[in-house]
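Observations on the three-dimensional arrangement
Chain by chain, the residues:
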Amino acid sequence: MLWLAKDCIFVWSKAPWKLANLPFMWIPQSGIHNRLEFRRNSTGSWKSLRDSHSSHRAYYWFLFPAGDVFLIPVGSRSILGIVHGKEPEVKDTELYAALLRLPKPWRVREVKLDLPSERVDVWLEHDPYAKWNCPECAKTAPLYDHAEEAHWRHLDTCDCLTYVHARLPRVKCPTHGVRQIKPGWASSGLAITDLFECRVIDTLKECDVTGTKRLTRTSWDQTWHIMEKAVARGLALKERRVPAQLSIDEKAFAKRHRYETLVCDYEQGTVEYVADNRKQESLEKYYRQFTPEELSGIEAVAMDMWDPYIAATKAYVPGAESKIVFDKFHVVRTVTEAVDKVRRNEHKILTSEGDDRLKGTKHLWLYNEENVPEWRKEEFDAIRGTHLKTGRAWAIKEALRGLWGFSYPKRAEAFFRRWYFWATYSRLSSVIAAAKTLRRHLPNILTYFKHRISNATAEGLNSKIQMVKEMACGFRNREHYKTAIYFHCGGLDLYPTPRATA
Ligand SMILES: [Zn+2]
């Protein structure tokens, strides 16, 4: 007999049933406590049923998805069943099977709570009749034996450390020999479940390794290992693609002058590649991953006026001459550095004459006008009014910033010529030198008006990198630093693959 409800099917009979329109066959066993679950899965088809025989009461017991239990006395044909309300109790094994989202054919055999040591241990077992596939070729292969019991850290149960234990089956494939089945709950090969791994990754996104290890009760090494695995997985899954707009920047790491070259996708705001040092070779390593056709898809590259980057880009990117854009912040910084040199020289001379006007003003001259702190504005205005060389140098630097406000390259170029005249007639040798550097690079400063990209527009990215650097004070080596950059800024898919059915 067949009874259909919204989302469940109810079948009962004394004789074997084979329903042409259902993807399963069920042989009811009279006198045996049959526990059945029929559910619709996401594709709308019916999931096959699951039996368990645990008592010898003379009724059939049907568990419906809504939680209703129907008890059908054997032999009764008058009515469909007795609605028994909710299932009387949920066994701990069933609770954990549900919590662990166990893939078939696994189930929970035993749950042990050890309250004094705040620990829960869950043992899994599989359906003895389960069919297995060779993990190499995915063909059905007979069960051979079981590996030694292994365990995986899982999400805590109400603050109790929780471990899942199982003996993984090994199959004997005619082609590949004896192979161990991969656990469906732990895909990355670590002694942690995927759900726990996701938790650690989520925590790492919010705080540094020290914080994560404390919050998730893992060790420093475990946490690092999870981060490294996540990055390696993300990089392996990353789609091969050359961004249309690149932004290349160098970042110092650690205290000494050690640099990493960062290749960023300007539009996506992600770090695409991290290379050691800031040599031509560093950047060429990135370009060499791609074919000339792929590299010809690059439309613009923002960078500092740094010869090794220029050389690498010209060597690999077709049409680089019109694609390189010298970043405006780096361009202005060249003149700011000249201002600082003027200040140092002038301060030395003034001090020797007993004049300490420039004492303690170093940082004031490094600010852009609008960034001078409110509480130092008065002091700054006063000192600028005293006709110092440093003040003149600073005014020349400030004027240059107007260049990027133009809409048309011709007007910007004319502006630059006027500025250049002023700067080179300033009688300030370091300002003159800086102006000459800029004129030499002018064509690729003006490409800004075609591409309008810079290193700093990926603001979000820069602040993220800054955060990584701050969190990284404990980084002992550059590999750690690189891993953290990719983790936080790489735009990678860091999470373990969706659970595959074992
Ligand atoms: Zn095989």
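Let me begin by describing the structure that accompanies this report. (Residues numbered from 1 in each chain as written. Predicted model: local features only at pLDDT ≥ 70, side-chain atom pairs only at ≥ 80, totals over all residues. Heavy atoms only, no water.)

Let's shift gears to the overall build of the chain. When its secondary structure is counted, the chain shows 16 helices and 20 strands. Looking at the chain residue by residue over its 502 residues, the buried ones come to 46%. Long-range contacts, defined as pairs at least 24 residues apart, comprise 56% of the intrachain contacts of the chain with a sequence gap of at least 6. Total accessible area computed for the chain in this model is approximately 27,000 Å², and 52% of it derives from carbon and sulfur atoms. (Helix = DSSP H or I, 4+ residues; strand = E, 2+ residues; numbered from the N terminus. Buried < 20%, exposed > 50% of the residue type's maximum accessible area, 1.4 Å probe, protein only. Contact = heavy atoms within 4.5 Å. Areas by Shrake-Rupley, 256 points an atom, 1.4 Å probe, with all protein chains shown as cover.)

A few words on the pattern of salt bridges. With the rule as written, the count across this model stands at 29 salt bridges. The salt bridge involving Arg179 is made with Glu136; its shortest N-O contact spans 3.0 Å. Of this pair, Arg179 sits in strand β15 (residues 177-180) while Glu136 sits in the loop between β11 (132-133) and β12 (140-141), placing them 43 residues apart in sequence. Since its relative accessible area comes to 30%, Arg179 is described here as partly exposed. (Salt bridge = Lys/Arg side-chain N within 4 Å of Asp/Glu carboxyl O.)

Okay, unusual backbone geometry next. In the segment running from Lys104 into Pro105, the intervening peptide bond is cis, with an omega of 5 degrees. As for its position among the elements, Pro105 is in the loop between α1 (92-99) and β9 (106-114). Positive phi, normally seen in glycine, also occurs at Arg101, with a value near 50 degrees. Within the element layout of this structure, Arg101 appears in the loop between α1 and β9. Backbone geometry places Arg217, a non-glycine residue, at a positive phi of 55 degrees. Among the structural elements, Arg217 can be located in the loop between α3 (209-216) and α4 (220-237). Classification of Arg217 by relative accessible area gives partly exposed; the value is 37%.

Moving on, we come to the coordination of the zinc ion. Cys134 (SG), Cys137 (SG), Cys173 (SG) and His176 (ND1) make up the full set of protein donors to the zinc ion, lying at 2.1 to 2.3 Å. In this structure, the zinc ion is surrounded by four donor atoms whose angles at the metal cover 104 to 114 degrees, and the resulting shape is tetrahedral. One chain supplies every donor to the zinc ion, and in sequence these donors are spaced C-x2-C-x35-C-x2-H. With Cys134 in the loop between β11 and β12 and His176 in the loop between β14 (160-173) and β15, the pair connects residues that are 42 residues apart, well separated along the chain. Note on Cys134: relative accessible area 2%, which makes it buried. (Donors = N, O, S within 2.8 Å, 3.2 Å for Na, K, Ca; no water. Tetrahedral: all angles 85-135°; square planar, octahedral: opposite > 155°, others 65-115°.)

The next subject is the packing of aromatic side chains. Tallying each qualifying case throughout the model produces 14 aromatic pairs. Consider the rings of Trp106 and Trp185, whose centres lie 4.9 Å apart with planes at 90 degrees: the pair is edge-to-face. Taken as a pair, Trp106 in strand β9 and Trp185 in the loop between β15 and α2 (194-206) lie far apart in primary sequence, 79 residues in all. Accessibility assignment for this pair places Trp106 and Trp185 in one class, buried. By the ring-pair criterion, three or more aromatic residues cluster together here, those being Tyr273, Tyr286, Tyr287, Phe290 and Tyr316. Taking NZ or CZ as reference, Arg278 lies 3.9 Å from the ring centre of Tyr259, over its face. Against the face of Trp306 rests Arg278, its NZ or CZ located 4.3 Å from the ring centre. (Phe/Tyr/Trp six-rings, centres within 6.5 Å; stacked < 30°, edge-to-face > 60°. Lys NZ or Arg CZ within 6 Å of the ring centre and 35° of its normal.)

On to the side chain of Thr162. On the secondary structure map, Thr162 appears in strand β14. Residue Thr162 is classed as buried on the basis of its relative accessible area, which comes to 1%. Only 2.6 Å separates the side chain of Thr162 from the side chain of Thr157, close enough to count as a polar contact. A distance of 2.9 Å separates a polar side-chain atom of Thr162 from the backbone oxygen of Cys160. Setting aside its immediate chain neighbours within four residues, Thr162 contacts Tyr96, Val120, Val122, Trp152, Arg153, His154, Leu155, Asp156 and Thr157. (Polar contact = N/O pair within 3.5 Å; in protein donor to acceptor, adjacent residues only side chain to side chain.)

Before going further, it helps to spend a moment on the environment of Thr483. Along the chain, Thr483 falls in helix α16 (residues 478-489). Considering only alpha carbons, one finds Thr483 and Met227, 256 residues apart in sequence, at a separation of 7.5 Å. Those residues in contact with Thr483 that sit more than four places away from it in its chain are Trp224, Met227, Glu228 and Val231.

What follows is about the sheet that holds strand β20 (residues 324-326). An order of β18-β17-β16-β19-β20 is seen for the five strands of this open sheet, with the pairing classed as mixed. With partners counted over all chains shown, the strands left at the sheet margins are β18 (270-276) and β20, one partner each. Taken over all neighbouring pairs, the strand axes of this sheet differ in orientation by 25 degrees on average, direction set aside. Where strand β17 (residues 258-265) lies against β18, six bridges are found, and the strand directions are antiparallel. Its bridge partner lying in β18, Val263 is registered against Tyr273. This element, helix α5 (residues 280-287), spans β16 (245-253), β17, β18 and β19 (300-303) of the sheet and lies at about 135 degrees to β18. (Pairing = 2+ DSSP bridges. Axes fitted to C-alpha atoms, helices over the stretch in contact; angles between N-to-C directions.)

Here the focus is the packing of helix α10 (residues 389-400) against helix α11 (residues 409-424). Relative orientation of the contacting elements α10 and α11 amounts to 170 degrees, with a least axis distance of 10 Å. With respect to α11, the element α10 is oriented roughly antiparallel. From α10, Ala395, Ile396, Ala399 and Leu400 reach across to α11, where they touch Phe415, Phe416, Trp419, Trp422 and Ala423. Across the contact of α10 with α11, the residue classes break down as nine nonpolar, no polar and no charged. (Parallel < 35°, antiparallel > 145°, perpendicular 65-115°, else oblique. Nonpolar A, V, L, I, M, F, W, Y, C, P; charged D, E, K, R; others polar.)

A separate point is the nonpolar core. Counting residues in hydrophobic clusters, the biggest one holds 91 residues, and the most contacted among them are Val271, Tyr287, Trp419 and Leu438. The element contributing the most residues to this core is helix α8 (residues 328-352), with seven residues. In this view, Trp419 contacts Val335, Ile396, Ala399, Leu400, Ala435 and Leu438; residues no more than four positions away in its chain are not counted. In terms of nonpolar packing, the next biggest core, distinct from the first, is built from 23 residues, Val120, Trp152, Val164 and Leu168 among them. (Core = buried A, V, L, I, M, F, W, Y, C linked by side-chain atoms within 4.5 Å.)

Purely spatial values, then, with no claim about function.
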